[in-house]
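# Examination of the molecular architecture
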Amino acid sequence: MAQYGPGFWALAVLASMLVGMSKGGLPVVGMLGVPILALVLPPVMAAGVLLPVFVVSDMFGLWAYRRAFDRRVVTLLAVGATFGVALGGATASIVPEWIVTLLIGLIGAAFAGSMLLRRAATPVARPARTGPGLFWGLLTGFTSFVSHAGAPPYQVYVQPLGLPKAVFAGTTTVLFAYVNAIKLVPYYLLGQLSGENLHIAAVLLLPAAAAVFFGVKLVKIIPTALFYRLVTWALLLISLRLIWQGLHG
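Everything in this summary refers to the structure shown in the same document. None of these values were measured; they are calculated from a predicted model.

Position of leucine 87 relative to the elements: it lies in helix 4 (residues 71-90). Residues leucine 87 and threonine 143 lie 56 residues apart in sequence; the distance between their C-alpha atoms is 9.9 Å. Once residues within four sequence positions are removed from consideration, leucine 87 is found in contact with Leu138 and Phe142.

Here it is in structure tokens:
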């Protein structure tokens, strides 16, 4: 790894910490990891490097939120996401990544924009419906497989449910822990878990693990209304970044 300089490691550590914070209950920020690391690595390699970081960070997040998640929501989305990951693996060599990136950005921007226009800081609680849960779960699994960007379709389904702040964070952590785990097999078959990638990932595990608990602490102290407002604005900004990235191929 001698070929990687200080600039590379600075960006890599930042990307891993964002991944860790997302597992601590701050959804969406983890989506910044691949774009940041892609500044110094090919995008496919960046995704391969960060997947083990996601998986190990998930373990710390699962411990932190082991009693705070919605079982029905996780179950519905997990079933859909399983098919979404399988679809992503089967079409990895067919569907251009820029099309998926653009689609993710458009979905996320439309949803975030509608939330901001309604000025609903804290969503009103509503039941989790089966059909939409399976549909948005499938999109979550597919987009997460392609570019670790499953947060926009996930939030389109979950955020309007009005879950308590800690339950929202825990549901996010549990669902994506499952999604990242099942992504390991197709990623390995596609050659994205090489020895070099795993070596870099091993170095990034410590800052990512520390960032998980930093994220948990922030979730506890941020007021609920502000939490949802920040999540919505973060979703909008990242979605706009994905639209720009998709349009530029």
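So, on to the nonpolar core. One finds Leu37 and Tyr157 to be the most contacted residues of the largest nonpolar core, which totals 69 residues. Leaving out residues up to four positions away in the same chain, tyrosine 157 has contacts with Val73, Leu76, Leu77, Ala128, Arg129, Pro132, Gly133 and Trp136.

With that settled, consider the packing of aromatic side chains. On inspection of all chains with the given rule, the structure shows six aromatic pairs. Considering the side-chain rings of phenylalanine 60 and phenylalanine 213, the 5.9 Å spacing of their centres and the 80° angle between planes classify their relative orientation as edge-to-face. On the criterion of sequence distance, the pair formed by phenylalanine 60 in helix 3 (residues 43-64) and phenylalanine 213 in helix 9 (residues 195-221) is long-range, its members being 153 residues apart. For phenylalanine 213, a relative accessible area of 41% corresponds to the partly exposed category.

Attention now goes to the packing of helix 4 against helix 6 (residues 130-147). Axes are the key here: two packed helices are described by the angle between their axes and the distance separating the axes. For the pair helix 4 and helix 6, the least separation of the axes is 6 Å and the interaxial angle reads 45°. Considered as vectors, helix 4 and helix 6 are oriented oblique to each other. For the element pair helix 4 and helix 6, the recorded crossing hand is right-handed. Taking contact as the criterion, the partners of Arg72, Leu76, Leu77, Val79, Gly80, Ala81, Phe83, Gly84, Val85, Leu87, Gly88 and Gly89 in helix 4 are, on helix 6, Thr130, Gly133, Leu134, Trp136, Gly137, Leu138, Gly141, Phe142 and Phe145. Partitioned by chemical class, the residues of the contact of helix 4 with helix 6 number twelve nonpolar, eight polar and one charged.

Parameters and conventions
- Residues numbered from 1 in each chain as written.
- Predicted model: local features only at pLDDT ≥ 70, side-chain atom pairs only at ≥ 80, totals over all residues.
- Heavy atoms only, no water.
- Helix = DSSP H or I, 4+ residues; strand = E, 2+ residues; numbered from the N terminus.
- Contact = heavy atoms within 4.5 Å.
- Core = buried A, V, L, I, M, F, W, Y, C linked by side-chain atoms within 4.5 Å.
- Buried < 20%, exposed > 50% of the residue type's maximum accessible area, 1.4 Å probe, protein only.
- Phe/Tyr/Trp six-rings, centres within 6.5 Å; stacked < 30°, edge-to-face > 60°.
- Axes fitted to C-alpha atoms, helices over the stretch in contact; angles between N-to-C directions.
- Parallel < 35°, antiparallel > 145°, perpendicular 65-115°, else oblique.
- Left-handed = near helix turned anticlockwise from the far one by under 90°.
- Nonpolar A, V, L, I, M, F, W, Y, C, P; charged D, E, K, R; others polar.

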